[in-house]
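Examination of the molecular architecture
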Amino acid sequence: AMLFKEFAGLEGFPICLDAQDTDEIVETVKRIAPVFGGINLEDISAPRCFEIEARLQQELDIPIFHDDQHGTAIVSLAALVNALKVVGKQLSDIRLVINGAGAAGLAMERLFKKAGVNHITVCDSKGIISCDRTDLNPRKQEFVVDQSGTLADAMVGADVFMGVSAPGVVTVDMVKSMAKEPIVFAMA
């Protein structure tokens, strides 16, 4: 609420729900929505966050924003655009690796594609989200690529690494295997 006030001049206040059930969260937000001009969802884990956000967007006529998804994606894209200016590379030309296939990582992939990044590889704890994997939930299946392997495999020749999963998963050798003038955003 303080960030909304400070940076956008918007009034807001937190409402903490004692609920973990998707239906309960959706119903509660729908009932309180008439008093708000928009809803910012916070700290709802994947995959529940995707269904909650989608249902609320469909059923309400006010903006629904999930900070873990959209906030991270927007800020990361802004940082990426600026970093690419420093190294003289274009969005459309880079190879980008996202480590983390939860709310933040998948939202980043979607936004980066819309912004013009043509080659994105998403990894989870089991490696590259590839078409040969049989363990992927429907959310992850949207992001499959032909390449398979580990995070280390994905990083070979990559221009950019964005980590939104867990700390300590990238080694010095992985960074050394990246393209010239690599950009690393370690956000976990």
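Counting restarts for each chain, with residues numbered from 1 along the sequence as it is written. Selection of residues for local features in this predicted model requires a pLDDT of at least 70, selection of side-chain atom pairs for listing and counting requires 80 or more, and totals for whole chains, interfaces and linings are taken over all residues. Side-chain figures throughout are based on the complete set of non-hydrogen atoms in the structure, without hydrogens or water.

Moving on: a nonpolar patch on the surface. Residues Phe 13, Ile 15, Leu 17 and Ile 32 make up a contiguous nonpolar surface patch of about 340 Å² in total accessible area. Mapping Ile 32 onto the fold places it in helix H2 (residues 22-32). Residues enter patches when their relative accessible area tops 30% and they take part in no salt bridge; the joining distance is 9 Å for like charges and 5 Å for the nonpolar side chains Val, Leu, Ile, Met, Phe, Trp and Tyr. Surface accessibility follows the Shrake-Rupley procedure with a 1.4 Å probe radius. Residue values consider only the protein chains on display as shielding. By definition here, a salt bridge exists when the distance from a side-chain nitrogen of Lys or Arg to a carboxyl oxygen of Asp or Glu is within 4 Å. A run of H or I in DSSP becomes a helix once it reaches four residues, and a run of E becomes a strand once it reaches two; helices and strands are each numbered from the N terminus.

A few words now on the pattern of salt bridges. Using the criterion set out here, one finds twelve salt bridges in the structure. The closest approach of N and O atoms between Glu 27 and Arg 31, which form a salt bridge, is 3.1 Å. With Glu 27 and Arg 31 both in helix H2, this residue pair falls four residues apart, about one helical turn. Exposure classes here rest on a 1.4 Å probe applied to the protein chains alone. A residue is buried below 20% of its type maximum, exposed above 50%, and partly exposed in between. The class of Glu 27 is partly exposed, set by a relative accessible area of 33%. One salt-bridge network, held together by shared partners, links Asp 124, Lys 126, Arg 133, Asp 135 and Lys 140.

Side chains of a nonpolar character, in soluble globular proteins, are inclined to be buried together. Only buried Ala, Val, Leu, Ile, Met, Phe, Trp, Tyr and Cys residues count toward a nonpolar core, and they belong to the same one when joined by side-chain atoms within 4.5 Å. Residues Leu 96, Phe 112 and Val 160 are the most contacted members of the largest nonpolar core, which totals 41 residues. Counting residues per element, this core draws most heavily on helix H4 (residues 67-87), at six residues. Residue contacts are defined here by distance: any two heavy atoms, one from each residue, within 4.5 Å place the two residues in contact. In contact with Leu 96, not counting residues within four places along its chain, are Leu 80, Phe 112, Val 117, His 119, Ile 120, Thr 121 and Val 160. Counting residues in hydrophobic clusters, the runner-up holds eleven residues, among them Cys 123, Leu 151, Phe 161 and Met 178.

This part takes up the side chain of Glu 109. Considering the arrangement of structural elements, one finds Glu 109 in helix H5 (residues 103-115). In this structure Glu 109 comes out as buried when scored by relative accessible area, which is 7%.

Moving on to H4. Multiply 1.5 Å by the residue count of a helix minus one, and that product is the helix's expected span. With 21 residues, H4 extends 29 Å between its outermost C-alpha atoms, agreeing within 8% with the 30 Å of an ideal straight helix rising 1.5 Å per residue. Of the surrounding secondary structure, the elements contacted by the buried residues of H4 are helix H3 (48-59), strand E2 (64-66), strand E3 (95-99), H5, strand E6 (160-163) and strand E7 (183-186). Positive phi appears at Gly 88, one or two residues downstream of H4, with a value of about 70°.

Most of E3 is tucked away, with four of its five residues classed as buried. Across five bridges, the pairing between E3 and strand E4 (residues 119-124) is parallel. Paired with Arg 95 across the strands is His 119, a residue of E4. Here, the term right-handed applies to a crossover whose path from the first strand over the helix to the second runs clockwise when the strands point away from the viewer. With H5 bridging E3 and the parallel E4, this β-α-β connection has right-handed handedness. When DSSP finds at least two bridges between two strands, those strands are taken to pair.

Here we take up the sheet that holds E6. Where strands meet in a sheet, backbone hydrogen bonds hold them as pairs that are either parallel or antiparallel. Strand order in the open sheet formed by five strands is E5-E4-E3-E6-E7, and the pairing between neighbours is mixed. Sheet topology places strand E5 (127-128) and E7 at the edges, where each strand pairs with a single neighbour. Where E3 meets E6, four bridges bridge the pair, whose relative direction is parallel. By the bridge assignment for E6, Val 97 is matched with Phe 161.

Attention shifts here to unusual backbone geometry. Although it is not a glycine, Asp 43 adopts a positive phi angle of roughly 55°. Its location among the elements puts Asp 43 in the loop between strand E1 (39-41) and H3. On the basis of relative accessibility, which here comes to 62%, the residue Asp 43 falls in the exposed class. Phi at Glu 181 is positive, roughly 55°, even though this residue is not glycine. Relative to the helices and strands, Glu 181 is located in the loop between helix H8 (172-176) and E7.

Right, let's get into the environment of Ser 177. You can see Ser 177 is positioned in the loop between H8 and E7. Residue classification places Ser 177 among the partly exposed residues on the basis of a relative accessible area of 25%. Between the C-alpha atoms of Ser 177 and Met 155, which are 22 residues apart in sequence, the distance is 6.7 Å. The residues touching Ser 177, leaving out its near neighbours within four places in the chain, are Met 155, Val 156 and Gly 157. Within polar-contact distance, the side chain of Ser 177 engages the backbone oxygen of Met 174 at 2.7 Å. Side-chain atoms alone can form a polar contact between residues adjacent in sequence; in general such a contact is a pair of N or O atoms within 3.5 Å, and within protein one must be able to donate a hydrogen while the other accepts it.

None of the figures reported here should be taken as evidence of function without further support.
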